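Residue strings, one per chain:
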Amino acid sequence: MKTKAAIKPSRYFHTKALFALSAMLFMIAAIASSFRSKEDDPFKKAGKQTINKDSIESVKAFASVYKVLMSPRCMNCHPAGDVPLQGDDSHLHTMLPKRGTDGTGVYAMKCANCHQETNTPGLHTPPGNPKWHLPPADMKMVFQGKTPHELAKQLMDPNQNGHKNLQQLIEHASDTLVLAGWNPGEGRTLPPLSHKEFKKAWITWLTKGGYAPAPKPQ
Ligand code: HEC
Ligand code: HEC
């Protein structure tokens, strides 16, 4: 009985101390995160990813990234207007299907009516993907006609890139619509780099700081 009485107060203090300690830890965490989070900065939001800024390496990697983005396999879905493009010469899509608010087409001209889940065999047939569509009307993500400087700036701007942070931008390199570029269906050329090379250049560009090349390349 004596021992029990002796333990009681010490247990009480123990609980109290624990409580105070966790309250302190919580406050420290709250203060730390208030310094860290800056909503619109993809780098600040990324957290885990190590950034080792290097503008020369970054800009060099973007030159490779840009070549892929401007290739018909990517640009055809990132047009300046509201109609997708077709073919290696990026002409306007026949029958002019429109973007629509969510990018999946309008009325009877829905992308998925013709674009199946997988490529349709044969020449001049629609490539397939379960989510084949254009970027939405309020976030057009235009590649067509953009200089390297303009496109790099746009990709890094959360208000233009679909609110993607660094981690999400990195992950996008393996998005199924991006991968579709390397499985384009018969009669279409591949992007100028392999997917592996593209992904490497993309990640290097981003993790070295996501720098934009100078406005006018010499
Ligand atoms: C079938 C149409 C389609 C094709 C083909 C396509 N994309 Fe996209 N792309 C989209 C859509 C839709 C979005 C927006 C969806 C999202 O943000 O997740 C998008 C978003 C993006 C984004 C992020 C937005 C931005 O501007 O930061 C990048 C980067 C991108 N695509 C790269 C590519 C690359 C590289 C290729 C070619 C290898 C490609 N896309 C081919 C439809 C396409
Ligand atoms: C009426 C059927 C039809 C509809 C609707 C349609 N497409 Fe197509 N699409 C095709 C066909 C057929 C091709 C292949 C044309 C060719 O290779 O000559 C094609 C090709 C494309 C290509 C070219 C792919 C490449 O790599 O060059 C893109 C991009 C594309 N469609 C996007 C869309 C989008 C986005 C929508 C919806 C807004 C859409 N299409 C709606 C039939 C359609």
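Reference entry: report on the structure contained in this document. As the structure is a computational prediction, the values presented were derived from the model and not from experiment.

1. Here we look at the site of ligand 1
Then comes step 1: Taken together, the neighbourhood of ligand 1 is formed by 21 residues, with Cys 74, Cys 77, Asn 161, Gly 162 and Gly 181 sitting nearest.
Then comes step 2: Put simply, the parts of the chain that give the shell around ligand 1 at least two residues each are α3 (55-69), α4 (72-75) and α8 (176-179).
Then comes step 3: A breakdown of the residues in the shell around ligand 1 according to their chemical character gives 13 nonpolar, seven polar and one charged.

2. Focus on helix α9 (residues 195-207)
Then comes step 1: Taking 1.5 Å as the rise per residue, α9 with 13 residues should run 18 Å; its terminal C-alpha atoms sit 18 Å apart, in good agreement.
Then comes step 2: Where α9 is concerned, the buried positions are Phe 198, Ala 201, Trp 202, Trp 205, Leu 206 and Thr 207.
Then comes step 3: Residues of α9 that are buried in the fold lie against α3 and α7 (166-172).
Then comes step 4: Just beyond α9, the residue with positive phi is Gly 209, at close to 125 degrees.

3. Quick word on unusual backbone geometry
Then comes step 1: For Met 95, which is not glycine, the phi torsion reads 70 degrees and is therefore positive.
Then comes step 2: Of note, Met 95 is situated in the loop between β2 (91-92) and β3 (105-106).
Then comes step 3: Accessibility expressed as a C-beta count within 10 Å gives 8 for Met 95, which makes it exposed.
Then comes step 4: A positive phi angle is found at Met 141, which is not glycine, with a value near 45 degrees.
Then comes step 5: Mapped onto the elements, Met 141 comes out in the loop between α5 (111-114) and α6 (148-156).
Then comes step 6: C-beta crowding within 10 Å serves as the criterion here: with 17 such atoms nearby, Met 141 is assigned to the partly exposed category.

4. Comments concerning the site of ligand 2
Then comes step 1: Around ligand 2, the surrounding shell holds 25 residues, and the nearest of these are Asn 76, Pro 84, Pro 97, Cys 111 and Cys 114.
Then comes step 2: For the shell around ligand 2, the secondary structure elements donating two or more residues are α4 and α5.
Then comes step 3: Looking at the shell around ligand 2, its residues break down into 12 nonpolar, 10 polar and three charged.

5. Topic: α3
Then comes step 1: Taking 1.5 Å of rise per residue, 15 residues should cover 21 Å, and α3 covers 20 Å from first to last C-alpha, within 8% of that figure.
Then comes step 2: Within the span of α3, buried status applies to Ser 58, Val 59, Ala 61, Phe 62, Val 65, Tyr 66, Val 68 and Leu 69.
Then comes step 3: Turning to α3, the residues buried within the fold contact α4, α6 and α9.

Criteria and cut-off values
Residues numbered from 1 in each chain as written. Chains lettered and ligands numbered in written order. Predicted model: local features only at pLDDT ≥ 70, side-chain atom pairs only at ≥ 80, totals over all residues. Near = placed C-beta within 6 Å. Helix = DSSP H or I, 4+ residues; strand = E, 2+ residues; numbered from the N terminus. Nonpolar A, V, L, I, M, F, W, Y, C, P; charged D, E, K, R; others polar. Expected span 1.5 Å × (residues − 1). Buried ≥ 20, exposed ≤ 12 C-beta atoms within 10 Å, placed from the backbone. Contact = placed C-beta atoms within 7 Å.

Geometry only, nothing functional implied.
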